[in-house]
Every structure is written in structure tokens, then in C-alpha cells.
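# Descriptive structure summary
So the chains spell out like this:
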Amino acid sequence: MKKALAILLVLTFLLALVSCDAKGSTPDTSAANKIVYGARYIRLEDISEPAEKQNYYVVYKDRIEFHSYYYSSLSETNRECTVTYKYTIMDEGTLAYFYHSDEPENTVRTDRTGLLLFSENVLATTAGVLFVREDYAKNELPNFDK
């Protein structure tokens with residue numbers, strides 16, 4: 001009986017040890033799902049464009065601003081606008097945004113609501129458009145789009 005109890009205790013100890021080790025080796029992904037507030041997340045296709053011609057998001061704690069640059073073939077002019085959204089984080093790495101205002105007024109050419117997938121370095125729309133954090137693009141992707 002003592003021998004069976006000793007074996008049971010050893011097995012319980014080993015199981016607990018393996019369980020603790022498995023939890024300790026799990027990578028911490030929480031850092032990967034943090035937005036860098038105030039950073040520019042530039043549309044991937046616009047990285048090589050001059051700053052004034054880039055489309056990008058800036059995320060703040062209380063809002064998201066989308067800065068849009070586009071060419072109007074009707075008026076043959078360049079147009080710019082900034083759309084402000086309110087947002088809520090739904091879960092780790094996903095947020096829902098809702099139209100709040102635009103500047104200049106009545107120039108909105110983007111969705112009024114939507115979802116963004118996010119990490120520290122990338123925002124992605126549900127349509128698959130990628131926006132890369134400016135510092136990440138400069139430091140980690142120096143040869144992209146060259």
C-alpha cells in the first residue's frame with residue numbers, strides 16, 4: 001500500500017511539473033496585440049510615396065484618424081481628407097470602429113463602420129489592406145517596395 005501511494009505521489013508530482021513547464025514555455029503574445037498610440041500606420045502600397053501622398057491611420061486612446069490622399073479625375077485635383085472614428089477593442093487584436101466626423105466636411109470616401117485587425121506593427125482591414133507602422137517599415141522593411 002505504501003509503495004502504491006509513493007508511486008501515485010511521484011506521478012502526481014511529475015504531472016504537475018510537466019504542466020508547469022508547458023505553461024512556462026507558452027510564448028507571450030500579448031505584446032503582439034498592442035497598438036502603438038500616436039504612430040502612423042501607412043498603407044503598404046504608399047510606403048515609397050512622399051509623406052503628403054500617403055494614406056494612413058493614427059490610433060489614439062480615444063479615436064482613430066484615417067488620413068486619405070487621392071486624385072480626383074473629375075476636378076483633376078488632388079484631394080485630402082481626415083476621417084475620425086470612435087472605436088472599441090472587441091478582443092485581443094480586433095477592434096470595431098464607427099464614423100465620428102470628417103475634415104473637410106462631407107468628403108468621406110471610406111467606410112462608416114468596420115473592423116481592423118491589429119498588432120504592434122500592422123493594422124489590417126477585413127478586405128486585406130495592410131497598414132504598416134512607419135518606424136517598423138523604416139527599420140525592419142528597408143528594402144520593401146524598392
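Residues numbered from 1 in each chain as written. Predicted model: local features only at pLDDT ≥ 70, side-chain atom pairs only at ≥ 80, totals over all residues. Heavy atoms only, no water.

### Considering the nonpolar core
Rules: Definition used in this section: a nonpolar core is a set of buried Ala, Val, Leu, Ile, Met, Phe, Trp, Tyr and Cys residues joined via side-chain atoms within 4.5 Å. Note on exposure labels: buried denotes an accessible area under 20% of the residue type's maximum, exposed denotes more than 50%, and partly exposed covers the range between, all computed with a 1.4 Å probe on protein chains only. Only DSSP runs of H or I reaching four residues or more are called helices, and only runs of E reaching two or more are called strands; each is numbered from the N terminus.
Tyr41, Tyr57, Ile64, Leu95, Tyr97, Leu116 and Leu123 are the most contacted members of the largest nonpolar core, which totals 17 residues. Per-element accounting of this core gives the leading share, four residues, to strand β4 (residues 77-91).

### Regarding the pairing of strand β6 (residues 113-118)
Test applied: Note: two strands are recorded as paired if DSSP finds a minimum of 2 bridges between them.
Sheet analysis places strand β5 (residues 94-103) next to β6, joined by five bridges and oriented antiparallel. Paired with Ala96 across the two strands is Leu115, which belongs to β6. Bridge count for β6 against strand β7 (residues 122-125) is three bridges, and the pairing is antiparallel. The residue of β7 that forms the bridge with Phe118 is Leu123. Between β6 and β7, which pair antiparallel and follow one another directly, the connecting turn spans three residues.

### Observations regarding the confidence of the model for the protein chain
Selection rule: The predictor attaches a confidence to each residue, and that confidence, scored 0 to 100, is pLDDT. Contact definition: two residues touch when any of their heavy atoms are within 4.5 Å.
With 71% of its residues at a pLDDT of 70 or more, the protein chain has an overall mean of 79. Scored below 50 in pLDDT, residues 4-12 shows zero contacts in the model against residues more than four places distant or in partner chains.

### So, the pairing of strand β1 (residues 40-43)
Successive side chains on a regular strand alternate, one facing one side of the sheet and the next facing the other. With three bridges joining them, β1 and strand β2 (residues 56-59) adopt antiparallel strand pairing. Across the sheet, residue Arg40 finds its bridge partner in β2, namely Val58. Examined bridge by bridge, β1 and strand β8 (residues 130-133) share three bridges and lie antiparallel to one another. From the neighbouring strand, Arg43 faces β8, where its bridge partner is Phe131.

### With respect to the packing of aromatic side chains
This is how it is decided: Each Phe, Tyr or Trp ring, with Trp reduced to its six-membered ring, pairs with another whose centre is within 6.5 Å; inter-plane angles below 30 degrees give stacked pairs, above 60 give edge-to-face pairs, and intermediate values give tilted ones. For a Lys NZ or an Arg CZ to count as sitting over a ring, it must be within 6 Å of the ring centre and within 35 degrees of the ring normal.
Counted under the stated rule, the structure contains four aromatic pairs. Ring centres of Tyr57 and Phe66 lie 4.8 Å apart, and the angle between their planes is 45°; on these two criteria the pair is classed as tilted. With a centroid separation of 6.2 Å and an interplanar angle of 80°, the aromatic rings of Phe66 and Phe131 are classed as edge-to-face. With Phe66 in strand β3 (residues 64-72) and Phe131 in strand β8, this residue pair connects regions lying 65 residues apart in the sequence. Note on Phe66: relative accessible area 8%, which makes it buried. An aromatic cluster is built from Tyr57, Phe66 and Phe131, whose rings are joined through pairwise contacts. We note Arg40 situated over the ring of Tyr56; from NZ or CZ to the ring centre the distance is 3.9 Å. One residue, Arg63, lies across the ring of Tyr60, its end atom 4.0 Å from the ring centre.

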